2 protein chains.
Amino acid sequence: MKRVTIEDIAAKLNISFSTVARALNDHPAISEATKNAVKETATRLGYRQNKVAASLRSGRTHIIGVIVPNLQLSFFSAVVHGIERIMNENDYNILLYQSNEALVQEARGIDTFLQSRVDGIIASVTQETREMPHYAEIRKRGIPLLFFDRAIANLEVPSVVIDDFKGGYLATQHLVDQGYRRIVHINTEQNLAIFSAREEGYKAALIANGLAVDASLIVRGPLSLALGEATVDRFVAQQIPFDAIFAVEDFTAMGALQALKKHKIKVPSAVGVIGFANEAFGSLVTPTLSSVDQQTVRMGEESAKLFLKLLQQKGKVMPPEKIVLEPMLVPRASSGNF
Amino acid sequence: MKRVTIEDIAAKLNISFSTVARALNDHPAISEATKNAVKETATRLGYRQNKVAASLRSGRTHIIGVIVPNLQLSFFSAVVHGIERIMNENDYNILLYQSNEALVQEARGIDTFLQSRVDGIIASVTQETREMPHYAEIRKRGIPLLFFDRAIANLEVPSVVIDDFKGGYLATQHLVDQGYRRIVHINTEQNLAIFSAREEGYKAALIANGLAVDASLIVRGPLSLALGEATVDRFVAQQIPFDAIFAVEDFTAMGALQALKKHKIKVPSAVGVIGFANEAFGSLVTPTLSSVDQQTVRMGEESAKLFLKLLQQKGKVMPPEKIVLEPMLVPRASSGNF
């Protein structure tokens, strides 16, 4: 198959090479009618721009690298969909790198993106990330950087996050409204800001409702189905009374739900359960799992839009913008009859 | 932060610059002891290779591009995990591009990877992909290419797949073994080889068990929860008798399961259900969903291993190797008491 060239398009339309080339690059001197005719003909003939040459000319690749901790969480794949939609519409392509929650992988991902000469990086950091010489390197090179969901506080980088404190508060207030009083909270032992903010929200909601914060009801461990299950097993074995569980993410909540079933403890009549993140499986299980939605696709879209602004500002120093989205309570059967 | 150089490592160990440089590149003339000392010191000092310069020297980037149709299916994210594990161990980095099942996105992904000068591409094609000038382009440039799960038959490209015919056969034979006789089959209207092979397996198993293939029990549509639900709704409304459902993928099976519940039809005693792909939610729902496992992580690992062979063969013409993995029946509560 012979490659279609600018000359082929020019010959077809009987116009000059430079008119075609400028039309393809949206040059202001070319009329809309001509641009449309050139683009239609280009599409019809199967013309494909030599992007390597184009990027060498412009110094831009129109590639944005996105670093995600774990694509097996539907949260991250949904955010990525939002980012892709907006960036593709704006003629950028998205490449993904999965850090698998490991700092060393995250650093490799950044290296790989720099090597691919991406125009910018959008990232959500790993659970291990505390210091970030590798992120500082990106900024030193003047490459636009934006964090979503998991940001790093002491680095002045624009970010799109949700109000995790409010999310924790909403979840807990909901359980209180449903009549639950001894609310177990399951969280991680790792010091990630989004997770501690949810815990602060839990505590604030208890206090606002005149309930005591009972340290024996706060459990920490590696977030997982197994942690949720082990927590319920231990509370049942030690006969510690509780009537609700708020887990900091859905898989842990799901493990608790399964263990309650195993112990023949009725959900939601005896114990209510709520998770966080509104993972895709929550609406499929029985009882359906209450959760807190993080507006994932919108988070992706807002990230992309803010990032497009950054790309335009390139070079100028601006105070970093921070967009905070509202968490949304998703009450389902595990915390009442919805 | 000053960048650590080869000179710094050489000074620290009191050896020559060229010894350090060759040790870092695994040169055979350098002893294992020296290599280990150099690598340890490099890690300790925070030395990072200038990969752009290194790749310009070698003509290699050590980046492999992976094209996946949809990361919201746990099937694909699990395969990606397998690919990453093996490729990272071998000092390759994986970049992902999501085609979202659209041919035009798939072509953009390939363009983006070529522009990033990847050393090779591993792909699973979209449901729309019939012809593939964009894949042919990769081969013309001599860039190694491998398909996983969804391959294209008429292109002579190495691939790692499962035996989809056998998977369809196993699922159907299992339902027959459980005593079901009027087995509805839900499939796509799109002509993708993996899905038609599963249907052939369904038909072959019926015939082998002396059961008729009844065209009125075979339903086609866009695979989704909604399709599974609509199928059950229609069969119930039209009072068409059936006692089992084999859906070609799990989300459609899940939709059927939910509709059966809605109509108060008992699963598995009145109707048995089995899906395909062993998506992560299947073990979380009630009743748990029977399925056919595709050995996802192993598929990823085998893909990576075969790909490493291709990278070594570069230039040589070899008959394309095809690895066919065995599907594995995962019987759960939706088709019996497991």
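Residues numbered from 1 in each chain as written. Chains lettered and ligands numbered in written order. Predicted model: local features only at pLDDT ≥ 70, side-chain atom pairs only at ≥ 80, totals over all residues. Heavy atoms only, no water.

- An unreviewed UniProt entry lists chain A under the name Transcriptional regulator, LacI family, from Chitinophaga costaii.

**Considerations on the interface of chain A and chain B**
Often, the extent of an interface is quoted as the loss of accessible area upon association of its parts.
Then, number 1: Counting from both sides, the interface comprises 46 residues of chain A and, opposite them, 46 residues of chain B.
Then, number 2: Carbon and sulfur atoms supply 46% of the area that chain A and chain B bury against each other, a total of about 4100 Å² over both sides.
Then, number 3: Area buried by chain A at its contact with chain B is led by Arg48, Gln115 and Leu284 of chain A, which between them contribute 17% of it.
Then, number 4: Across the contact surface, chain A and chain B share 0 salt bridges.
Then, number 5: Among the secondary structure elements, those contributing two or more residues to the side of chain A that touches chain B are helix H4 (51-58), helix H5 (74-89), strand E2 (93-98), helix H6 (103-115), helix H7 (133-140) and helix H11 (250-262) of chain A.
Then, number 6: Top contributing element to the side of chain A that touches chain B by residue count: H5 of chain A, with 7 residues.
Then, number 7: Residue classes in the side of chain A that touches chain B are distributed as 18 nonpolar, 18 polar and 10 charged. (Contact = heavy atoms within 4.5 Å. Buried area = accessible area lost by both parts, 1.4 Å probe. Salt bridge = Lys/Arg side-chain N within 4 Å of Asp/Glu carboxyl O. Helix = DSSP H or I, 4+ residues; strand = E, 2+ residues; numbered from the N terminus. Nonpolar A, V, L, I, M, F, W, Y, C, P; charged D, E, K, R; others polar.)

**Regarding the relation of the copies chain A and chain B**
Then, number 1: Taken as rigid bodies, chain A and chain B are interconverted by a rotation of 180 degrees and an axial shift of 0.1 Å, the fit giving an RMSD of 0.2 Å. One copy is carried onto the other by what is essentially a two-fold rotation axis.
Then, number 2: With an isologous cut-off of 70% or more, the 100% of interface residues of chain A that recur at the interface of chain B puts this contact in the isologous class. (Least-squares fit on C-alpha atoms with pLDDT ≥ 70 in both.)

**Let's talk about the packing of helix H10 (residues 225-237) of chain B against helix H11 (residues 250-262) of chain B**
Residue and element names in this part refer to chain B.
Then, number 1: Where H10 meets H11, the axes come as close as 6 Å, and the angle between the chain directions of the two elements is 40 degrees. The angle between the axes of H10 and H11 places the two elements in the oblique class. Judged by the sense of rotation from one axis to the other, the crossing of H10 with H11 is right-handed. Every residue of H11 that contacts H10 at Leu225, Leu227, Gly228, Glu229, Val232 and Asp233 is listed here: Phe251, Thr252, Met254, Gly255, Ala256, Gln258, Ala259, Leu260 and Lys262.
Then, number 2: Across the contact of H10 with H11, the residue classes break down as 8 nonpolar, 4 polar and 3 charged. (Axes fitted to C-alpha atoms, helices over the stretch in contact; angles between N-to-C directions. Parallel < 35°, antiparallel > 145°, perpendicular 65-115°, else oblique. Left-handed = near helix turned anticlockwise from the far one by under 90°.)

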